[in-house]
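# Coordinates in review
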Amino acid sequence: MHTQAIEDYLREIYALQERDERATTSTLAARLDVTAASVTNMFKKLAALNLVLHEPYKGVTLTPAGLKAALEVVRHHRLIELYLAEALGVPWDQVHDEAEKWEHVLSEDMEDRIDAALGYPTTSPHGAPIPTRDGTVADRPYRSLNELEPGQTVEIIEVSDRDPALLRYLGELGLYPRARLEIVSNNPYRGTVLRVNGVECTLGCDVARHIFVESVSDIPRE
Ligand SMILES: [Zn+2]
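Presented here is a report on the structure given in the accompanying data block. (Residues numbered from 1 in each chain as written. Predicted model: local features only at pLDDT ≥ 70, side-chain atom pairs only at ≥ 80, totals over all residues. Heavy atoms only, no water.)

### A closer look at the packing of aromatic side chains
- Under the counting rule described, the total for this entry stands at one aromatic pair.
- Plain terms: the ring middles of Trp92 and Tyr176 are 4.6 Å apart, the flat faces sit at 50° to each other, and that makes the pair tilted. With Trp92 in the loop between helix H4 (64–88) and helix H5 (95–102) and Tyr176 in the loop between helix H7 (164–172) and strand S5 (180–187), the pair connects residues that are 84 residues apart, well separated along the chain.
- For Trp92, a relative accessible area of 10% gives the class buried.
- Overall, Tyr176 belongs to the partly exposed group, its relative accessible area being 38%. (Phe/Tyr/Trp six-rings, centres within 6.5 Å; stacked < 30°, edge-to-face > 60°. Helix = DSSP H or I, 4+ residues; strand = E, 2+ residues; numbered from the N terminus. Buried < 20%, exposed > 50% of the residue type's maximum accessible area, 1.4 Å probe, protein only.)

### Comments concerning the packing of helix H2 (residues 25–32) against helix H3 (residues 36–48)
- At their nearest, the axes of H2 and H3 sit 9 Å apart, and the two run at 110° to each other. Between H2 and H3, the crossing angle belongs to the class labelled roughly perpendicular. Two packed elements cross with a definite hand, and for H2 against H3 that hand is right-handed. Residue-level contacts link Thr25, Leu28 and Ala29 of H2 to Ala36, Val39, Thr40 and Phe43 of H3.
- Here the residues of the contact of H2 with H3 are counted per class, giving five nonpolar, two polar and no charged. (Axes fitted to C-alpha atoms, helices over the stretch in contact; angles between N-to-C directions. Parallel < 35°, antiparallel > 145°, perpendicular 65-115°, else oblique. Left-handed = near helix turned anticlockwise from the far one by under 90°. Contact = heavy atoms within 4.5 Å. Nonpolar A, V, L, I, M, F, W, Y, C, P; charged D, E, K, R; others polar.)

### Topic: the coordination of the zinc ion
- Protein-derived coordination of the zinc ion comes from His77 (NE2), Glu81 (OE), His96 (ND1) and Asp161 (OD), at a distance range of 2.0 Å.
- Each of the four donor atoms around the zinc ion contributes to a set of angles spanning 92 to 133°, which defines the coordination as tetrahedral.
- Summarised as a motif, the one-chain spacing of the donors to the zinc ion is H-x3-E-x14-H-x64-D. A residue pair is termed long-range when its members are at least 10 positions apart, and His96 in helix H5 and Asp161 in the loop between strand S4 (153–159) and H7 qualify at 65 residues. (Donors = N, O, S within 2.8 Å, 3.2 Å for Na, K, Ca; no water. Tetrahedral: all angles 85-135°; square planar, octahedral: opposite > 155°, others 65-115°.)

Right under this line is the structure:
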């Protein structure tokens, strides 16, 4: 339907909007590893196709048509990530790059078969919500680890899927979605000290801000 390049842009714009971040020329250039000039050209093209609204200096936001197309690509992407991880045993740090290729060629029939084979899953291996076939997606409160107070017990709901080295590191620490951890201290310069599986570890600010959690307020404290 749309070209691969258009789908890549829609996916990335959606990923930014999902976190309430702005989809600007410089952000997209960095995320897609292209020049600012080519982002500007693509923004014009997307606006002409009525997929985004383009406001000078503010970047772009998805129109209803753009959102619908983006959710379809995101659904493919996250279903494929999970299929690669669960059915083929691909490590969680490798599934994102692979899914970026497969997502563009997945037919509706294969999408349904993968969905059924996986038992109609709701999240990717990184904990990101998988949009439903009709384009709805669970709205979840996003709080990153570095925003929390000491003493809080939280559960990881999602980690960023973009950096394989970071994912390997988090895997070594057991910091997967649904892992529970306690915040020991949080410092904007030194990072976050946390306790996971009885072990204390320190995460730098750059790592902590890529981990999204929700509070577990009803856990009895010792
Ligand atoms: Zn991904």
